[in-house]
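# Structure assessment
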Amino acid sequence: MAEAYIVGAVRTPVGKKKGGLSTVHPTDLAAHTLGALIERTGVDPSAVEDVIMGCVMQFGPQSMDIARNAWLSAGLPESVAGVTIDRQCGSSQQSIHFAAQGVLSGTQDLVVAAGVESMSIVPMGSSISAALEKGMPFPFGEKWVERYGKQEISQFRGAELMCEKWNLKREQLEQFAYESHQRAAKAVANGYFKDQIAPLNGVEDDEGPRPDTTLEKMASLKTLRDGGQITAATSSQISDGSGAILIASEQAVRDHNLTPRARVVTLALTGDDPVYMLTAPIPATQKALKRAGLSIEDIDVTEINEAFAPVPLAWINDLGADPAKVNPNGGAIALGHPLGGTGAILMTKLLHELERTGGRYGLQTMCEGGGQANVTIIERL
């Protein structure tokens, strides 16, 4: 049976809004990570068969196939193709899936999976602004409205709906957010991220964590919606960043003298209610665990994107997961969420944390627009 191995994983620091990476062109942001991946693995870049890059706002500086443009901007061979994909927040986790599937199918041996987003330069919503200005109900047409009615479809409403369904109160969300900052601050202080980060533009560490935040400060913030539970403190941060993963077949490992660091155990994808939008990681995880023949107790480290605090809290509740194993070094509430870059960044964090702690199995998942979720399970080697 064919195997897909992770042989390299690197990321930029995650920059905060108006932070140290906010002036870096997104193509250069991604190029930096691609160059670092090739340098650190020592692989011949001409042997790479495709560059699959996630990016959500494919507009302006992030348009025209940023995967291809970033590879060329890194000074890498023109003979290597690139494609840019969009599965909303899970875009670069999906790039990992496509890369692994290419290797598992036997049609490819060496594939780069990557992701990038500069939310400072290309703000969230940019890709649909032109249509909205013309009065079009983009991206929802008449047939969508016939099925789901005229109602608000947004991540913010989805987060509030989750709070209602799982009976999550503001105080619980803020306690989780506070813990995320504390874990992230500890990880930065202890240098847990140093080996996985390729510094850029003078930025060496993630800029988001606030070690001095308090529950009192969080409690003073206004909710994002009248009568709601969610505040900026319990939401992911607007961020800039990129990550890149190199996936290889057994043949490529031999041919290029590479060291497998983990193998892909299973890949899963599930859709759920698009109005709730953020709930799909729960059924997707159940599907992935069943397919892998594993239980949640077998998972040593989980990285679940903290788009909003109710997402991991509901997941922990329904999966019966140990909270200590979930985002052990903090999540997007503290570290940021550069949309299309987050999937590759989380996989980089997951791999390095398994290596740091000696864990065996790692699981990654995140909620995605449209009510979708990817799940990736890897085994450290």
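These notes cover the structure that comes with them. (Residues numbered from 1 in each chain as written. Predicted model: local features only at pLDDT ≥ 70, side-chain atom pairs only at ≥ 80, totals over all residues. Heavy atoms only, no water.)

## Focus: the overall build of the chain
Along its length, the chain carries 13 helices and 10 strands. Relative to a compact globule of 381 residues, whose C-alpha radius of gyration would be 21 Å, the chain shows 20 Å and is just as compact. Taking the principal axes of its C-alpha atoms as reference, the chain extends roughly 60 × 50 × 45 Å. Taking all 381 residues of the chain together, 57% fall into the buried category. In the chain, the proportion of contacts linking residues at least 24 apart, taken out of those at least 6 apart, comes to 81%. Accessible surface, the chain: about 15300 Å² in total, of which carbon and sulfur atoms supply 49%. Averaged over its 33 positive side-chain charges, the chain has a centre that lies 4 Å from the centre of its 44 negative ones. (Helix = DSSP H or I, 4+ residues; strand = E, 2+ residues; numbered from the N terminus. Rg over C-alpha atoms; globule rule 2.2 N^0.38 Å. Buried < 20%, exposed > 50% of the residue type's maximum accessible area, 1.4 Å probe, protein only. Contact = heavy atoms within 4.5 Å. Areas by Shrake-Rupley, 256 points an atom, 1.4 Å probe, with all protein chains shown as cover. Lys, Arg positive; Asp, Glu negative; His and termini not counted. Charge placed at Lys NZ, Arg CZ, Asp CG, Glu CD.)

## Quick word on the side chain of threonine 285
Counting through the fold element by element, threonine 285 comes out in helix α10 (residues 281-292). On the basis of relative accessibility, which here comes to 0%, the residue threonine 285 falls in the buried class. Once you skip the residues sitting within four places of it in the chain, threonine 285 turns out to touch Trp315, Leu319, Leu363, Thr365 and Val375.

## Here we look at the nonpolar core
Proteins that are soluble and globular tend to have nonpolar side chains buried together. Leu278, Leu289, Ile299, Trp315 and Ile377 are the most contacted members of the largest nonpolar core, which totals 44 residues. Contributions of two or more residues to this core are made by α6 (155-165), α7 (170-189), α10, α11 (310-319), β9 (361-368) and β10 (372-380). If we skip the residues at most four places from it in the chain, leucine 289 touches Leu294, Ser295, Ile296, Ile299, Leu319, Leu363 and Ile377. One finds Tyr5, Val24, Val112 and Val116 within the second-largest nonpolar core, a separate group that totals 35 residues. (Core = buried A, V, L, I, M, F, W, Y, C linked by side-chain atoms within 4.5 Å.)

## A word on the pairing of strand β5 (residues 110-118)
When you tally the buried positions in β5, you get 9 out of 9 residues, the bulk of the element. Burial along β5 is two-sided: Leu110, Val112, Ala114, Val116 and Ser118 facing one way and Val111, Ala113, Gly115 and Glu117 facing the other are all buried. Here strand β3 (residues 50-54) pairs with β5 via 5 bridges, running parallel. What sits directly across from glycine 54, in β5, is glycine 115. (Pairing = 2+ DSSP bridges.)

## Quick notes on α6
Taken as a whole, α6 has its buried residues at Gly158, Ala159, Glu160, Leu161, Met162 and Cys163. Next to the buried residues of α6 lie α7 and α11. Asparagine 167 occupies a position one or two residues after α6 and carries a positive phi of about 55°.

## Observations concerning helix α13 (residues 342-357)
With 16 residues, α13 should reach 22 Å at 1.5 Å per residue; the first-to-last C-alpha distance of 22 Å fits that figure. Summarising burial for α13: 13 of the 16 residues are buried, a large majority. Phi for glycine 358, located one or two positions after α13, is positive at around 80°. (Expected span 1.5 Å × (residues − 1).)

## Looking at the side chain of threonine 234
In this fold, threonine 234 is placed in the loop between α8 (215-219) and β6 (239-248). Apart from the residues within four sequence positions on either side, threonine 234 is in contact with Leu173, Glu174, Ala177, Gln229, Phe308, Ala309 and Ile333.

## As for the packing of aromatic side chains
Counted under the stated rule, the structure contains 3 aromatic pairs. Between the NZ or CZ atom of arginine 11 and the centre of the ring of phenylalanine 193, over which it lies, the distance is 5.0 Å. Over the face of the ring belonging to tyrosine 192 we find arginine 356, whose NZ or CZ atom lies 3.7 Å from the ring centre. (Phe/Tyr/Trp six-rings, centres within 6.5 Å; stacked < 30°, edge-to-face > 60°. Lys NZ or Arg CZ within 6 Å of the ring centre and 35° of its normal.)

## Re the packing of α6 against α11
The contact between α6 and α11 brings their axes to 9 Å, and the two run at 35°. Handedness of the α6/α11 crossing: left-handed. Packed against α6, whose contacting residues are Ala159, Met162 and Cys163, the element α11 presents Pro310, Val311 and Ala314 at the interface. Considered class by class, the residues forming the contact of α6 with α11 number 6 nonpolar, no polar and no charged. (Axes fitted to C-alpha atoms, helices over the stretch in contact; angles between N-to-C directions. Left-handed = near helix turned anticlockwise from the far one by under 90°. Nonpolar A, V, L, I, M, F, W, Y, C, P; charged D, E, K, R; others polar.)

## Notes on the pattern of salt bridges
Taken as a whole and judged by the stated rule, the model has 13 salt bridges. The partner of glutamate 174 in a salt bridge is arginine 170, with the nearest N and O atoms 2.5 Å apart. Of the two residues, glutamate 174 and arginine 170 both sit in helix α7, 4 residues apart, roughly one turn of that helix. The pair glutamate 174 / arginine 170 is uniform in exposure class, with both members buried. The salt bridge partner of glutamate 379 is arginine 360, with a shortest N-O separation of 2.7 Å. Within this pair, whereas glutamate 379 is found in strand β10, its partner arginine 360 is found in the loop between α13 and β9, the two being separated by 19 residues in sequence. Its relative accessible area of 10% is what places glutamate 379 among the buried residues. The exposure class of arginine 360 is partly exposed, given its relative accessible area of 45%. Among the charged side chains, a salt-bridge network with shared partners connects Glu3, Arg263, Arg360 and Glu379. (Salt bridge = Lys/Arg side-chain N within 4 Å of Asp/Glu carboxyl O.)

## Things to note about a nonpolar patch on the surface
Taken together, Met124, Phe156 and Leu224 make up a surface patch of nonpolar side chains, about 260 Å² in accessible area. If you trace the backbone, methionine 124 turns up in the loop between β5 and α4 (126-133). Owing to a relative accessible area of 41%, methionine 124 belongs among the partly exposed residues under this scheme. (Patch = residues over 30% accessible without salt bridge, like charges linked within 9 Å, V, L, I, M, F, W, Y side chains within 5 Å.)

These results come straight from atomic positions and should not be treated as a statement about function.
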